[in-house]
Amino acid sequence: ESLAAFDAGRMAERWYTRHSETFSHQFERKSIVLYADHADFEQTNVIQESPDQATGGVTEGMRDRVVLPFTGSYKDNDHVIGHELVHVFQYDIAENGDVNGLARMSTLPGWLIEGMAEYFSLGRNSPLTAMWMRDAVERDSFPTIKQLNTDPRFFPYRYGQALWAYVAGRWGERSVVDIYRTSLRLGLDNAITRVLGETPDSLSADWAAANKALYTSQLVGRTKPQDAGQPVLQTGRKLADMNVSPVISPDGQYVAFFSSRSLFSIDLYLADAKTGRIIRKLASPASDPHFDALNFVNSSGAWSPDGKQFAFMVDEDGRDDIAILDVVTGKIERRIGVPGVGAVTGISWS
């Protein structure tokens, strides 16, 4: 862990140098709390709530502390450190600008705060964000700034990064910081008008037109997702609905997958691979006292070659174990812990 901590410190120093120039702002030492793996990170007491599997890192606002796990991927760690240090600069600027700065910062929309952190840590070109913008153009549902402010359907990280990339490309990177600083004093709408000389409505129209011009030509001749295959499992209408990490059985008859269709947890289900009919719930942390959660974000399960057993990741007391389940009885037959290994993700069955 000491080597990872040393390298994380080097990454943080590089990001501090870059961000301090971008924001024209400096501050004294701030703490970075680095955990050895995500399982340890989920037990942190630096913040009040327990971070879930999808959380890559957090910035604690009272002391501007960055908290994150070592992922094993330096690319991922570098991005998270860069992202969270943007938040440290945002907090420090708000704290030092006005006695009510933090309160005003809390009123700013998520796309502004998180989108800025994504833009300054990833840059203007991101394949993931481009995919979201292309799909919004294809569906003819490109949002306005007003919709970004209030509608949870539009993910603030991706749309925020894309909007700041457009603003920086047209008015220069300094305008992004100027809008943030001015928003703390005058509010977002007034800040956009003062810094850019455009109203939010006008900026929304220009941004949408630029994306349509960029992506419409790229969509010509491409196969649409709904034409690429037959939908088997579909989510409901709730924003939190998801079916993820499907694994087809060796004989092709069944598919095991994780789903949020339960109200209380992410559970493991078995379905008919042809019709999508749910056959049974295979495992759930809500009903099994032997584990706290199913690891599903960066991991899928694996079938045994004969299709009688299914292996998947479970979390218990901050430790990742491999559970092997009898598909017919639903009983967990074995639990495999890996000594000296804190976090485990992908499973392959020989």
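Below, the structure is looked at part by part. Quick caveat, the model's predicted, so the values are computed rather than measured.

Focus on empty space enclosed by the protein
Turning to step 1, where the next piece is worked out: All chains considered together, the criterion is met by one cavity of 30 Å³ or more.
Turning to step 2, where the next piece is worked out: Estimated volume of the largest cavity: approximately 40 Å³.
Turning to step 3, where the next piece is worked out: Per-element accounting of the lining of the largest cavity gives the leading share, four residues, to helix 1 (residues 2-23).
Turning to step 4, where the next piece is worked out: Taken together, the residues of the lining of the largest cavity sort by class into eight nonpolar, one polar and one charged.

As for the pairing of strand 12 (residues 332-337)
Turning to step 1, where the next piece is worked out: Where strand 11 (residues 319-326) lies against strand 12, five bridges are found, and the strand directions are antiparallel. Along strand 12, the bridge assignment pairs I322 with I336.
Turning to step 2, where the next piece is worked out: Hairpin connection between strand 11 and strand 12: a loop of five residues separates the two successive antiparallel strands, and G330 in this loop has a positive phi of roughly 80 degrees.

Some remarks on the sheet that holds strand 2 (residues 58-60)
Turning to step 1, where the next piece is worked out: An order of 1-3-2 is seen for the three strands of this open sheet, with the pairing classed as mixed. Here the strands that pair on one side only, and so sit at the sheet edges, are strand 1 (32-35) and strand 2. Strand-to-strand, the axes of this sheet are offset by a mean angle of 20 degrees, without reference to chain direction.
Turning to step 2, where the next piece is worked out: Relative to strand 3 (residues 65-69), strand 1 is paired through four bridges, and the arrangement is parallel. Paired with V33 across the two strands is V67, which belongs to strand 3.
Turning to step 3, where the next piece is worked out: Along the sheet, helix 3 (residues 74-97) contacts strand 2 and strand 3; its crossing angle with strand 3, the most-contacted strand, is approximately 165 degrees.

A look at unusual backbone geometry
Turning to step 1, where the next piece is worked out: Positive phi is not limited to glycine here, since S24 has a value of about 50 degrees.
Turning to step 2, where the next piece is worked out: You can see S24 is positioned in the loop between helix 1 and strand 1.
Turning to step 3, where the next piece is worked out: Classification of S24 as partly exposed rests on a relative accessible area of 48%.
Turning to step 4, where the next piece is worked out: Of note in this structure, D64 is not a glycine but carries a positive phi near 60 degrees.
Turning to step 5, where the next piece is worked out: Checked against the element boundaries, D64 lands in the loop between strand 2 and strand 3.

Parameters and conventions
- Residues numbered from 1 in each chain as written.
- Predicted model: local features only at pLDDT ≥ 70, side-chain atom pairs only at ≥ 80, totals over all residues.
- Heavy atoms only, no water.
- 1 Å grid on protein atoms, 1.4 Å probe; cavity = no way out; pocket = protein on both sides within 12 Å on 5 of 7 lines; lining within 4 Å.
- Points joined across faces, edges and corners; volume = space filled by probe spheres on them.
- Helix = DSSP H or I, 4+ residues; strand = E, 2+ residues; numbered from the N terminus.
- Nonpolar A, V, L, I, M, F, W, Y, C, P; charged D, E, K, R; others polar.
- Pairing = 2+ DSSP bridges.
- Axes fitted to C-alpha atoms, helices over the stretch in contact; angles between N-to-C directions.
- Contact = heavy atoms within 4.5 Å.
- Buried < 20%, exposed > 50% of the residue type's maximum accessible area, 1.4 Å probe, protein only.

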